[in-house]
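# Architecture at a glance
Listed below are the residues making up each chain.
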Amino acid sequence: MSSIEILQVGPYPSWDEERLNATFNMHRYFEAADKMAFLAERGADIRGVATRGELGAGRAMIEALPKLEVISVYGVGYDAVDLAAVRERGIRVTNTPDVLTKDVADLGVAMMLAQARGMIGADRWVRSGDWAGKGLYPLKSQAHGKRAGILGLGRIGFEVAKRLAGFDMDIAYSSRTPKDIAGNWTYIADPVALAERSDFLFVTLSASAATRHIVDRKVIEALGPEGMLINISRASNIDEDALLDALETKALGSAALDVFEGEPKLNPRFLSLDNVLLQPHMASGTVETRKAMGKLVFDNLSAHFDGRPLLTPVL
Ligand code: 8YV
């Protein structure tokens, strides 16, 4: 298949790049200084796009690729792919569900614990000599046994809830409809009501135009000065200005975030806050999971160009 031209939107680990390069003719879009000139020069022959969850493929890119047949996303979220543009042309889209679910849930719960128990500050307390100089680290609040809200009980939300059940938490969730689940998790449709009864609110919704800023000022204020917001989904699910205002005024107790508007460049207001834990969009970032994701990206492209059914189609 070395005659098949694929546009590579962002870098992958070396093992994935080697496999893709051995099979397809890859075009490294992310290395081009002038992106539109790169597309104008090479776009005519491109039949596939290999991209990442947060990079997707926008309308301008899709329109510059007249022979495009398939977009393979390294990530479960495909909100950054312009779905209207792909539907107009019947372009297929694949993602990497399931393989990353448990890692993302693990990181969300780890972020909650790290933030609740002040682990980052505690590490600094030891390294700076404050432990020896000032004495005991300030006391923090308990995590186990508290009330957790899961906004979006899909695959990832479900795994988060399962883990929190192990911490004896009182669990409630929002989703479009109540889920048929074992366990005594409470269904609360309204995000404000969910936030009101939560100490920890996890945002685990897949992002779309319909969920944009679903966590708005009202939800954030309902979570309140003792509450913590944990986001392991997409930044667009939260009104980031309202979040920053609430963190600055302490109308919201704290936040733990893996995703940001405009990442990797985030709003500098985040950097001066001491009540937010910042992670570099790494919830799926383990060697094992990223290998499985990279294999799915490759296998979906291969299946498409071999004329076999796609493994994990979105469209
Ligand atoms: C990223 C993600 O794709 O699964 C998703 O939707 O956002 C992530 O897994 C990952 O950071 C690789 O770019």
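Bear in mind the structure is a predicted one, so any value in this text is a computation, not a measurement.

What follows covers the sheet that holds strand β6 (residues 147-151). Across a sheet, paired strands are connected by hydrogen bonds in the backbone, their directions being either parallel or antiparallel. In spatial order, the strands read β8-β7-β6-β9-β10-β11-β12; together these seven strands make up an open sheet with parallel pairing. In the strand order of this sheet, the two ends are held by β8 (186-187) and β12 (276-278), each with one partner. The pairing of strand β11 (residues 254-257) with β12 spans three bridges and is classified as parallel. Each residue of the ladder has a partner; that of A255, found in β12, is V276. Each of β9 (200-203), β10 (228-231), β11 and β12 is contacted by helix α5 (residues 101-116), which is oriented at about 150 degrees to β10, the strand it contacts most. On the sheet, helix α11 (residues 240-249) packs against β10, β11 and β12 and is oriented at approximately 135 degrees with respect to β11.

All told, the structure shown has 25 salt bridges when counted by the stated rule. In this structure, R42 engages E41 in a salt bridge whose closest nitrogen and oxygen atoms are separated by 3.9 Å. Look at R42 and you get partly exposed, because its relative accessible area is 32%. The shortest N-O distance in the salt bridge between R308 and D306 comes to 2.8 Å. Judged by relative accessible area, D306 falls into the partly exposed class, the value being 43%.

Here the focus is the site of the ligand. Around the ligand, 13 residues are found, and the nearest of them are E54, Y74, V76, G77 and H281. Between Y74 and the ligand, the recorded distance is 2.7 Å, taken from a backbone N or O atom to an oxygen atom. Take S284: an N or O atom from its side chain is 2.8 Å from an oxygen atom of the ligand. Residues belonging to the shell around the ligand are distributed by class as follows: four nonpolar, five polar and four charged.

Glancing now at the domain arrangement of the protein chain. As far as domains go, the protein chain holds domain 1 (5-99 + 288-306) and domain 2 (101-278). The distance between the C-alpha centroids of domain 1 and domain 2 comes to 31 Å. Both sides of the domain 1 and domain 2 interface together cover about 620 Å² of buried area, and 39% of this is carbon and sulfur. With its nearest N and O atoms 3.0 Å apart, the salt bridge here joins R234 to D79. Applying the counting rule to domain 1 against domain 2 returns four residue pairs in polar contact (both at pLDDT 80 or more).

Moving on, we get to the packing of α5 against helix α8 (residues 155-165). Contact geometry of α5 with α8 gives a least axis separation of 8 Å together with a crossing angle of 50 degrees. The pairing of α5 with α8 is recorded here as oblique in orientation. Between α5 and α8 lies a crossing whose hand is right-handed. The segment α5 lies against α8, with T101, K102, V104, A105, D106, V109 and M112 engaging R155, I156, E159, V160, R163 and L164.

What counts and what doesn't
- Residues numbered from 1 in each chain as written.
- Predicted model: local features only at pLDDT ≥ 70, side-chain atom pairs only at ≥ 80, totals over all residues.
- Heavy atoms only, no water.
- Pairing = 2+ DSSP bridges.
- Helix = DSSP H or I, 4+ residues; strand = E, 2+ residues; numbered from the N terminus.
- Contact = heavy atoms within 4.5 Å.
- Axes fitted to C-alpha atoms, helices over the stretch in contact; angles between N-to-C directions.
- Salt bridge = Lys/Arg side-chain N within 4 Å of Asp/Glu carboxyl O.
- Buried < 20%, exposed > 50% of the residue type's maximum accessible area, 1.4 Å probe, protein only.
- Near = heavy atom within 4 Å.
- Polar contact = N/O pair within 3.5 Å; in protein donor to acceptor, adjacent residues only side chain to side chain.
- Nonpolar A, V, L, I, M, F, W, Y, C, P; charged D, E, K, R; others polar.
- Domains from an automatic or database assignment.
- Buried area = accessible area lost by both parts, 1.4 Å probe.
- Parallel < 35°, antiparallel > 145°, perpendicular 65-115°, else oblique.
- Left-handed = near helix turned anticlockwise from the far one by under 90°.

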